[in-house]
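# Summary of the model geometry
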Amino acid sequence: MSLGLNAINICKSYNGRSVLKDCSVSLDSGGIYTLMGANGSGKSTFLRICALLEQPDKGEINYLSDPPFCPPLSEVESRGESTGRVTSENTILRNDMGLKRRMTLVLPGVGIFNTTVLKNVAYGLKIRGINSPAAEEKADKALEFVGLLHKKNHAALTLSSGEAQRLGIARAIVIGPEVLFLDEPTASVDQENTEIIEDIILNLRKDKMTTVIIATHDISQAERLAGAALVMRNGKITGKAF
Amino acid sequence: MIEGITKAFSLIAGLDLELLSIIFLSLRVSGLALVIAACAGLALGAIVSFSRFPARGLVITLMNTFMGLPPVVAGLFLYLILSRSGPLGFMGLLYSPSAMVIAQSILAFPIVASLSHSAIVNVDPIIKQASQTLGATPFQTSLNVMREARYGIMSGVIAAFGRAVSEVGAILVVGGNLAGYTRVMTTTIALETDKGNFELAIALGIILIMLSLIINGFLHAVQRKGMVKTTV
Ligand SMILES: Nc1ncnc2c1ncn2[C@@H]1O[C@H](COP(=O)(O)OP(=O)(O)OP(=O)(O)O)[C@@H](O)[C@H]1O
Ligand SMILES: [Mg+2]
């Protein structure tokens, strides 16, 4: 299962300077999108807001379950509350820790923890209460997926930038996110690692289990990866280029 | 002088019983004080790092100021509190090893608190963000940031032990330097030097110096380990 998202009139400013101005976009569940735009246009800001890490000043991020999620009526009534508004075709999910844990964002600098490669990947599982043997098994699979299994016991801070990005992706996919945000995953990465990372993303696309949004400055990469390219300009997402 | 040193070495080599019991008491008092100071100091360091409350700035200033609290002054205040007419006089702790543990905890606590605080706030903010992206709750995020600061925190704990074990003023005042009961390495050195009995003083001095060499060795090892920073 994956999630679709509707961003509605998102506004965000820092120190009185407006970055996002009534930015709206709707992304289908299971789709792969790239997000392009000049430096400082607000791509990272938009991704952080979509990933529910930062609050917009105005506007809403609505996540839609797909297929529609309908709690049994009796359950809703007995709790005296609804888990979300029911729209004509989809349910808008409540913004809480549970929803937050269904998505993840790989930061441009990754933010590697000063421990082994394996423990970095297992972190997201540990905080979800998954025990060590099960976590290690899953982490191994994720590391294999990004081609880093042979380095699982290395100190993570000794990885090269390309390997660090791959570790960031492994650390993200291990939790089985339904939405994956990648903020310039190949910005300081050589040709070979870029190809590896693109292959990883294309592999994710196969099973359509994850909605993927990739911020990038590389237009050819955008063409290689995505069905639709979004462009951030003047605080708005102006369109789907192809 | 030469004779004193020779005798001191023979005391050490012969595992003199009095010497051993003094060393053991020193380590027990300072070790216990360290456990208390480390728990309390780490808790306070974490609180001022992660939460915002009105008197936070004041607490940080006090923490930093009390790092340099003169031990004898700490001893004086504790004496006033523990003496028979003091508020805690009924507990009868004055001139006991417990009083010395309390005194050393008070001296070590601000060091742990202050150094943990600076280790925690110096963790790259991206660690906090990355933890959040992976679904960590605020509490889990804080724990992860503290884990990232672990080498800095350990340095603080080691430095605090160094201060506790080498301090003389506070434990002299509240411990009373009673032979076989509250006499530890530093107070013995002070007393025996006063009496002109140098060999025991020198023997203990050598051991204290060796101890601080070991502590410093640990400190360096920890700091070197914390410095494995590369690419990214
Ligand atoms: N936390 C913040 N505090 C203050 N200003 C911020 C903050 N985050 C972003 N900004 C500002 O918002 C604007 C948009 O930044 P953002 O990082 O979203 O752009 P970007 O499109 O990702 O750029 P790049 O292509 O360089 O990564 C910039 O002018 C930046 O200085
Ligand atoms: Mg950016």
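Residues numbered from 1 in each chain as written. Chains lettered and ligands numbered in written order. Predicted model: local features only at pLDDT ≥ 70, side-chain atom pairs only at ≥ 80, totals over all residues. Heavy atoms only, no water.

## Remarks on the interface of chain B and chain A
It is common to give the size of an interface as the accessible area that goes away when the parts come together. We count it as follows: Residues count as neighbours in contact if any of their non-hydrogen atoms are within 4.5 Å of one another. Salt bridge criterion: a side-chain nitrogen from Lys or Arg within 4 Å of a carboxyl oxygen from Asp or Glu. Under this definition, polar contacts are N or O atom pairs within 3.5 Å; protein pairs additionally need one hydrogen-donor-capable and one acceptor-capable atom, and for neighbouring residues in sequence, both atoms have to be side-chain atoms. Secondary structure elements follow DSSP: runs of H or I no shorter than four residues count as helices, runs of E no shorter than two count as strands, and numbering proceeds from the N terminus. Gly counts as polar in this scheme, as do all residues outside two lists: the nonpolar Ala, Val, Leu, Ile, Met, Phe, Trp, Tyr, Cys and Pro, and the charged Asp, Glu, Lys and Arg.
Taken together, the contact between chain B and chain A spans 22 residues of the former and 27 residues of the latter. Counting across the interface, chain B meets chain A through 0 salt bridges. Linking chain B with chain A are 9 residue pairs in polar contact (both at pLDDT 80 or more), by the criterion used here. Tallying contributions element by element places helix H6 (residues 125–133) of chain B first for the side of chain B that touches chain A, with 7 residues. Residue classes in the side of chain B that touches chain A are distributed as 8 nonpolar, 11 polar and 3 charged.

## Focus on the packing of aromatic side chains
Residue and element names in this part refer to chain A. We count it as follows: Pairing of aromatic rings covers Phe, Tyr and the six-membered ring of Trp, with a centre-to-centre limit of 6.5 Å; geometry is then stacked below 30 degrees between planes, edge-to-face above 60, and tilted otherwise. Buried means the residue's accessible area, taken with a 1.4 Å probe over protein chains only, is under 20% of the maximum for its type, while exposed means over 50%, and partly exposed covers the values in between. Whether a charge sits over a ring depends on NZ of Lys or CZ of Arg being within 6 Å of the ring centre and within 35 degrees of the ring normal.
Scanning the model with the defined rule gives 1 aromatic pair over all chains in all. Summarising the aromatic geometry, the rings of Phe113 and Tyr123 are spaced 5.1 Å apart at their centres and angled 70° between planes, so their arrangement reads as edge-to-face. Pair noted here: Phe113 is in the loop between strand S5 (103–106) and helix H4 (117–126) and Tyr123 is in helix H4, with a separation of 10 residues, a long-range link. The class for Phe113 is buried, based on a relative accessible area of 0%. Taking the relative accessible area as the measure of exposure, Tyr123 reaches 7% and is therefore buried. Its guanidinium or amino end placed over the ring of Phe113, Arg171 lies 4.4 Å from that ring's centre, counting from NZ or CZ.

## With respect to the side chain of A:Asn120
Residues and elements named next belong to chain A. When you line up the elements, Asn120 lands in helix H4. Within the local environment of Asn120, its side chain forms a polar contact with the backbone oxygen of Thr116, the two atoms lying 3.0 Å apart. Among all residues touching Asn120, those that are not within four sequence positions of it are Ile112, Phe113, Thr115, Ala156, Leu167 and Arg171.

## What to know about helix H10 (residues 185–195) of chain B
Residues and elements named next belong to chain B. Among all positions of H10, only Met185, Thr186, Thr187, Thr188 and Glu192 are buried. On its buried face, H10 is in contact with helix H2 (17–50), helix H8 (150–166), helix H9 (169–175) and helix H11 (198–226). Following H10 by one or two positions, Gly196 has its phi on the positive side, about 80°.

## As for the site of ligand 1
Residue and element names in this part refer to chain A. Definition in use: The rule for a residue being near a molecule or strand is that one of its heavy atoms must lie within 4 Å of it.
Of all residues adjacent to ligand 1, which total 14 residues, the nearest are Arg17, Gly40, Lys43, Ser44 and Thr45. Between Arg17 and ligand 1, the recorded distance is 2.6 Å, taken from a side-chain N or O atom to an oxygen atom. Residue Gly42 places a main-chain N or O atom 2.9 Å away from an oxygen atom belonging to ligand 1. Residue assignment for the shell around ligand 1 shows that the elements contributing at least two residues are strand S2 (17–27) and helix H1 (43–50). In terms of residue count, H1 provides more of the shell around ligand 1 than any other element does, 4 residues in total.

## Some points on the packing of helix H4 (residues 71–82) of chain B against helix H5 (residues 97–121) of chain B
Residues and elements named next belong to chain B. Using the following cut-off: Each axis is a line fitted through C-alpha atoms, taken for helices only over the stretch in contact, and angles between the N-to-C directions span 0 to 180 degrees. Every angle not falling under 35 degrees, over 145, or within 65 to 115 is termed oblique; those three ranges are roughly parallel, roughly antiparallel and roughly perpendicular. In this scheme the handedness of a crossing depends on how the near helix is turned from the far one: anticlockwise by less than a right angle means left-handed, clockwise means right-handed.
Here H4 crosses H5 at 135°, and the two axes come no closer than 10 Å. Our classification of the angle between H4 and H5 gives oblique. In this structure, the crossing between H4 and H5 has a hand that is right-handed. Note on element contacts: H5 touches H4 through Ala99, Ile102, Ala103, Ile106 and Leu107, opposite Pro71, Ala74, Leu78 and Leu82. Here the contact of H4 with H5 is built from residues that sort into 9 nonpolar, no polar and no charged.

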